[in-house]
Amino acid sequence: MSLDSYLEIFTTMYGWAFANIIGEILTGTGLTALPFGLIVFKVWRDAKESGMVGGVESVISAALTRLLIALFVYITCFAVTPFTSLVSVDLRYTPPASSENPTPETASMNSGTGSSYDTALRDGIDGSMSSSGGLHYVPAWWFTVMSISSGISSGVRSGLSNAVSEVRMVEDMARTATIEDPQLLHSIQRFYSECFVPARSRFLQMDRSTLSAAGLAILASEDYGPTDVDWIGSQLFRTEAGFYASMRSYNPVPGFAVDMARDTDYIAGGTPGTPEADYVNPEWGRPTCLEWWMDGTNGVRNGMINHASIWQRMHAGATAAMNWSSADKAADAIAMVAQQKANPQFVDASRIMGNDYDAMTSMVRGIGAAVSTFGVGKKLLDATIEFVPMVTALPMVQSMILMGLYMFLPLIVLLSGYDLKVMLLGGLAIFTVKFWAVMWYVAQWVDARIIQAMYPGMQGNMFWAELKEMVTLGEAQGYKRMILNLVLMAMFIGLPLLWSGMMAWIGYSMGVGLDNVSRGQMSAASGGTGQSSARTGGKALASMRRK
C-alpha cells in the first residue's frame, strides 16, 4: 500500500494500534453488544408510537432488517481478521524524484525507511508499544477504503510527468545554507581584501573609455550589467586586462605550488657564499587572482560551491531547474550567494590602530544599528513563509489527521449504533484526507508552470537577482514574487479546503438520502400495519351489526 510520507507509515501503524486497543476494551467489556439491544428497543418504541399494535410481524421484520444492517456494519467496520493486516501489504513510500536523487528508493515498513523514524518509532512497527496482540489488524471496510484511496492517489500523480519544479527548493536552500568552514571563510576574506578591493578601486578610478569592447559589452549585457563589478567573481575583472589576470595575492596561498615564472619575487637559488644562498622560499606560491578564483581544486569559487553537501545540492538543483547560458554562469550564481553568506569586509582602520570612538559617536552609531536591526528583522519576518517548510509540514499534518481518524473509528462505529451512514461517511473522510496529497502535487505542477511563464528562459538574470535580494533580506524585485507566493499559498491551502468542502457537501447529501430511505421504509411498514389493523377492525364491526 503506497503512502505519502515516511511519517505516514508510522502514524498509520500507530493509528490502527490505538484503534485495536480501544476495540479490545470495548469487546472485553461487552459494550459491542449494546447497540444490538438498543436497535430492538428503538424499533419497538417507534412501532408503539406509530400505533403498530397489531403488527407484530412487521415489527419483527423491521427489527430483523436493522439488525442485519448493524451486523454487516459490525463485521466490516469493527471486527478484525488476520486477512486484512497492515503487515500483509507492507506499507511503503517512494520520495519524489529530484536532481539530487533522480531514482529514489522505495522505503517500506518491513525493510525500514532509512530515516530517523525507524529508531524513534520502532515500537509502532513491532507492536512493542503494547502488550496487546494483533495491533496491525484493520477491519475489512477501512482496509478497502485505504487501498482504493492509495491506488487512486498514486495513479493521479504518476499521470503527471515533470510535476515538480526545484526552483523553490533551490530558493529555500539559498536562504538556509550557511558557510561553517573557517578555512573557507578565511580564504573568501583574503580574496576579498587582496584581489577584489584593489580591482574595484582600480575600476572606480579608471576612465571607462579605456576599457576594451568586450569589457564594455559585459557592463551593458543583461546577464552581467553594471552591478557585475560589485561582487568578488566579477566577469569584467576576470576577463579584462589589468585586473585579476595580472594581480596576485599578497601572501602565499595554501594549495598553489611555487611557480618561478610567476613568483618572480621568489629566489630560484643564490650563489654560494652570498646571503641569498641560505634563503628558503615559502612552501606555497602567490597565484594570480584569476588562478586563485578559477582553479578547479584550490580555487575560492570551487570551495564556495563544493565545501558542503547543501551547497553541492544547491548547485545541482539550480543547474537542473534553470536554463543557464553556461555552466560558468550557474557556478557564479551559487558563489554569489556564498559571498552574501560569508559577508567579507574590512575592519575600520581607526579600530586597527587602537583608536576608539568617542561616546557621542558610539551612541549615534548604536541608534543607527538598532534601526537597521529592526528593519532587517521586519524583512526577515516577511521572508519566513517559505515553500519547503510548508511542503514539509503539510504531509505531517495529513499523517496526524489520518492517525486520529483511524484511532477513533471503533468508538464512532460503536456510538453510532453500527449505522450504515457512518460507515459510508467514514470511508469518505479517509478518502478526502488521503487525496490531499494529490492536491499538493497538482499545486506544485501549476506553480512550476507559473514560474516558467513569469520568468521565461530563467537564465539566472532577473530571477537570480531577485533570489540574491531575498538571501540578503532585501526587497524582492517587482510584484512577481508576491503574486507567485500568493498563488502558491492559495493552492496549497485553498485546494485541500475546496476539496474537503465539496466532499463534505457530498457527505451531507449522502446522509440526507440515507435518512430519507430509512424513513420511507418505516413509513411503509407503518402504513401497511395500519391498513391491516383497519381491515381487521372493519370486519369485527360488520360482524357485530349482523348479530
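Computed from a prediction, not measured in an experiment: that's the story for all the values here.

## Structural notes on the overall build of the protein
In step 1: Within the protein, the regular secondary structure consists of 22 helices and two strands.
In step 2: Counting all 547 residues of the protein, 39% fall into the buried class.
In step 3: If you take every contact in the protein between residues at least 6 apart in sequence, the share linking residues at least 24 apart comes to 79%.
In step 4: On the protein, roughly 28,500 Å² of surface is accessible, and the fraction owed to carbon and sulfur atoms is 63%.

## Considerations on the state of the cysteines
In step 1: As enumerated under the stated definition, the model contains one disulfide in all.
In step 2: Note on cysteine connectivity: Cys195 is disulfide-linked to Cys289, with sulfurs 2.1 Å apart. Looking down the S-S bond of the Cys195 and Cys289 bridge, the torsion is -85 degrees, so its handedness is left-handed. Of this pair, Cys195 sits in helix H9 (residues 182-205) while Cys289 is found in helix H12 (residues 289-294), placing the two residues 94 residues apart along the sequence. As far as burial versus exposure is concerned, Cys195 and Cys289 are alike and both buried.

## Describing the packing of helix H14 (residues 309-321) against helix H15 (residues 327-342)
The geometry of a pair of packed helices is captured by two quantities: the angle between their axes and the separation between those axes.
In step 1: Where H14 contacts H15, the axes come no closer than 9 Å and their chain directions differ by 140 degrees. It follows that H14 is oblique to H15 by the angle criterion. Crossing geometry of H14 relative to H15 is assigned as right-handed. In contact with Trp311, Met314, His315, Ala318 and Thr319 of H14, H15 contributes Ala330, Ala331, Ile334, Val337, Ala338 and Lys341.
In step 2: Its residues assigned to classes, the contact of H14 with H15 comprises eight nonpolar, two polar and one charged.

## A few points about the packing of aromatic side chains
In step 1: Within this structure, the stated rule accounts for 21 aromatic pairs.
In step 2: Judged by centre distance (6.2 Å) and plane angle (25 degrees), the rings of Tyr14 and Phe18 are stacked. With Tyr14 and Phe18 both in helix H1 (residues 6-28), this residue pair falls four residues apart, about one helical turn.
In step 3: For the ring pair Phe78 and Tyr418, a centre distance of 6.4 Å and an interplane angle of 75 degrees mean the geometry is edge-to-face. Of this pair, Phe78 sits in the loop between helix H3 (56-77) and helix H4 (86-89) while Tyr418 sits in the loop between helix H18 (387-415) and helix H19 (420-434), and the two are 340 residues apart along the sequence.
In step 4: Assessed through its relative accessible area of 9%, Phe78 is described here as buried.
In step 5: Linked through ring pairs, Phe191, Tyr192, Phe196, Phe203, Trp231, Phe237, Phe243, Tyr244, Trp292 and Trp293 together constitute an aromatic cluster.
In step 6: Positioned above the aromatic ring of Tyr224, the side-chain terminus of Lys329 is 4.4 Å from the ring centre.

## Things to note about a nonpolar patch on the surface
In step 1: Together, Leu64, Leu68, Leu71 and Ile75 make up a nonpolar patch on the protein surface, roughly 380 Å² of accessible area in all.
In step 2: For Ile75, the location among the structural elements is in helix H3.

## Here's the deal with H1
Quick reminder: α-helices carry 3.6 residues per turn. Residues three or four places apart thus point the same way.
In step 1: Between its first and last C-alpha, H1 extends 34 Å over 23 residues, near the 33 Å set by a 1.5 Å rise per residue.
In step 2: After H1 finishes, the residue Gly30 shows a positive phi value of roughly 80 degrees.

## Considering the packing of helix H7 (residues 140-158) against H19
In step 1: Closest axis-to-axis distance for the H7/H19 pair is 9 Å, and the angle between their directions is 30 degrees. Relative to H19, the element H7 lies roughly parallel. The way H7 lies across H19 gives a crossing that is right-handed. Taking contact as the criterion, the partners of Trp141, Trp142, Val145, Met146, Ser149, Ser150, Ile152 and Ser153 in H7 are, on H19, Val422, Met423, Leu424, Gly426, Gly427, Ile430, Phe431 and Lys434.
In step 2: Residues of the contact of H7 with H19, tallied by class, amount to ten nonpolar, five polar and one charged.

## Some remarks on the environment of Phe83
In step 1: For Phe83, the position within the fold is in the loop between H3 and H4.
In step 2: With 56 residues separating them in the primary sequence, Phe83 and Pro139 have C-alpha atoms 9.4 Å apart.

## Digging into the side chain of Ser108
In step 1: If you trace the backbone, Ser108 turns up in strand E2 (residues 107-108).
In step 2: Other than its neighbours up to four places away in sequence, Ser108 contacts Asp90, Leu91, Arg92 and Thr113.

## Comments concerning the pattern of salt bridges
In step 1: Going through the model one piece at a time under the given rule, you end up with 13 salt bridges.
In step 2: A salt bridge links Asp328 to Arg238, with the nearest nitrogen and oxygen atoms 2.9 Å apart. Note that Asp328 is positioned in helix H15 and Arg238 in helix H11 (residues 235-239), a separation of 90 residues in sequence.
In step 3: Owing to a relative accessible area of 22%, Asp328 belongs among the partly exposed residues under this scheme.
In step 4: Take Arg238: its relative accessible area is 9%, and that puts it in the buried class.
In step 5: Between Arg248 and Asp263 there is a salt bridge, with the nearest N and O atoms lying 2.9 Å from each other. Separated by 15 residues along the polypeptide, Arg248 in the loop between H11 and H12 and Asp263 in the loop between H11 and H12 bring together distant segments of the chain.
In step 6: Look at Arg248 and you get buried, because its relative accessible area is 18%.
In step 7: Three or more residues are tied together by salt bridges with common partners; here these are Arg248, Arg262, Asp263, Asp265, Arg286 and Glu291.

So, how was this worked out
- Residues numbered from 1 in each chain as written.
- Predicted model: local features only at pLDDT ≥ 70, side-chain atom pairs only at ≥ 80, totals over all residues.
- Heavy atoms only, no water.
- Helix = DSSP H or I, 4+ residues; strand = E, 2+ residues; numbered from the N terminus.
- Buried < 20%, exposed > 50% of the residue type's maximum accessible area, 1.4 Å probe, protein only.
- Contact = heavy atoms within 4.5 Å.
- Areas by Shrake-Rupley, 256 points an atom, 1.4 Å probe, with all protein chains shown as cover.
- Disulfide = S-S within 2.5 Å.
- Axes fitted to C-alpha atoms, helices over the stretch in contact; angles between N-to-C directions.
- Parallel < 35°, antiparallel > 145°, perpendicular 65-115°, else oblique.
- Left-handed = near helix turned anticlockwise from the far one by under 90°.
- Nonpolar A, V, L, I, M, F, W, Y, C, P; charged D, E, K, R; others polar.
- Phe/Tyr/Trp six-rings, centres within 6.5 Å; stacked < 30°, edge-to-face > 60°.
- Lys NZ or Arg CZ within 6 Å of the ring centre and 35° of its normal.
- Patch = residues over 30% accessible without salt bridge, like charges linked within 9 Å, V, L, I, M, F, W, Y side chains within 5 Å.
- Salt bridge = Lys/Arg side-chain N within 4 Å of Asp/Glu carboxyl O.
- Expected span 1.5 Å × (residues − 1).

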